[in-house]
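Here is how the chains run, residue by residue.
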Amino acid sequence: VFLLSEEDKKEIKRKIEETELSTHCKLYIEAVFQEINYSELYGFKRASDPIILDTTDKNYAGGDVGCGLGNRAVVDMWHITKIFAFLSGCEEANVEHAKMAIPYVLNHRLKFTADFEARSERKSRKEMKQLGLTRILLEEINARFNQEAKNLQEALYWRKEKGIKKIEDLPDRIKEKLKNTKYPP
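Calculation rules
- Residues numbered from 1 in each chain as written.
- Predicted model: local features only at pLDDT ≥ 70, side-chain atom pairs only at ≥ 80, totals over all residues.
- Heavy atoms only, no water.
- pLDDT = per-residue confidence, 0-100.
- Helix = DSSP H or I, 4+ residues; strand = E, 2+ residues; numbered from the N terminus.
- Salt bridge = Lys/Arg side-chain N within 4 Å of Asp/Glu carboxyl O.
- Buried < 20%, exposed > 50% of the residue type's maximum accessible area, 1.4 Å probe, protein only.
- Phe/Tyr/Trp six-rings, centres within 6.5 Å; stacked < 30°, edge-to-face > 60°.
- Core = buried A, V, L, I, M, F, W, Y, C linked by side-chain atoms within 4.5 Å.
- Contact = heavy atoms within 4.5 Å.
- Expected span 1.5 Å × (residues − 1).
- Polar contact = N/O pair within 3.5 Å; in protein donor to acceptor, adjacent residues only side chain to side chain.

Engineer: Help me understand the confidence of the model for the protein chain in this model?
Structural biologist: Low pLDDT marks regions whose predicted coordinates should not be analysed in detail. On average, residues of the protein chain score 83 in pLDDT, and 81% of them are at 70 or above. Averaged over each element, pLDDT in the protein chain is lowest for strand S3 (residues 43-44) (68) and highest for strand S4 (residues 92-93) (97).

Engineer: Would you mind going over the pattern of salt bridges with me for this structure?
Structural biologist: Scanning the model with the defined rule gives 12 salt bridges in all. The salt bridge partner of Arg119 is Asp115, with a shortest N-O separation of 3.4 Å. Residue Arg119 and its partner Asp115 are located together in helix H5 (residues 114-121), separated by 4 residues, close to a single helical turn. In this structure, Arg135 engages Glu127 in a salt bridge whose closest nitrogen and oxygen atoms are separated by 2.9 Å. Assessed through its relative accessible area of 22%, Arg135 is described here as partly exposed. Exposure remark for Glu127: the relative accessible area of 27% places this residue in the partly exposed category.

Engineer: How should the packing of aromatic side chains be read in this particular structure?
Structural biologist: Remark: the centre distance and the inter-plane angle together describe each pair of aromatic rings, the angle taken between the planes. Per the stated rule, a full pass over the model turns up 3 aromatic pairs. Between the aromatic rings of Tyr28 and Phe145, the centroid separation amounts to 5.3 Å while the plane-to-plane angle is 75 degrees, which identifies the pairing as edge-to-face. Linking Tyr28 in helix H2 (residues 23-37) with Phe145 in helix H6 (residues 129-161), this pair joins segments that are 117 residues apart in sequence. Measuring from centroid to centroid gives 6.4 Å for Phe84 and Tyr104, while their planes differ by 20 degrees, and the two rings are stacked.

Engineer: How should the nonpolar core be read in this particular structure?
Structural biologist: Judged by nonpolar contacts, the single largest core of 33 residues is most densely connected at Val32, Ile36, Met77, Ile102, Leu106 and Leu137. Of all the elements in the fold, those that place two or more residues in this core are H2, helix H3 (71-87), helix H4 (95-106) and H6. Look past the residues within four positions of Met77 in its chain and what remains in contact with it is Ile29, Val32, Leu69, Ile102, Val105 and Leu106.

Engineer: Just checking my understanding: could you explain H4 for this structure?
Structural biologist: Residues separated by three or four positions in an α-helix point in the same direction, a consequence of the helix having 3.6 residues per turn. With 12 residues, H4 extends 16 Å between its outermost C-alpha atoms, agreeing within 8% with the 16 Å of an ideal straight helix rising 1.5 Å per residue. Those residues of H4 not exposed but buried are Val95, His97, Ala98, Ala101, Ile102, Pro103, Val105 and Leu106. Regarding H4, its N-cap is Asn94, as a side-chain oxygen of that residue lies 2.9 Å from the backbone nitrogen of Glu96 further along.

See below:
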């Protein structure tokens, strides 16, 4: 039997808390949150908002789930991602850690639409239905995120490293790239 002392537990907790999230990882977690929580028609999505499939919502994850995520979900995504990085022996969490961790944070929180379930059921899965559906949704988010990531990272660099607080103060070439970006930096 392997038991941890109280000191060991405190040290592990400290190391996990000290684990950093890479900028790309932070952007990915924010993209997951925004995809699920944003509605073209209503803005920030609430549990009581109906899904409107005749808007652009059907092109994003918010159109496939019946309710949004609360702020605790983001905190949990950050924390579990740090734990996965720690267990992998890394001092910094990256997107791959987030991709491994996030399904476990979200699988019990998401209520999928019947359309999404039917569309996704054809794909083979080797795990619980809800976890499998969560993974499929995250794969779709990841595909869209990868298209947006470069522009977002460049804008975030200007905001963070150059101290620019307002999007309108960014250089014109960056603002032009952001015009069609789904996720605001």
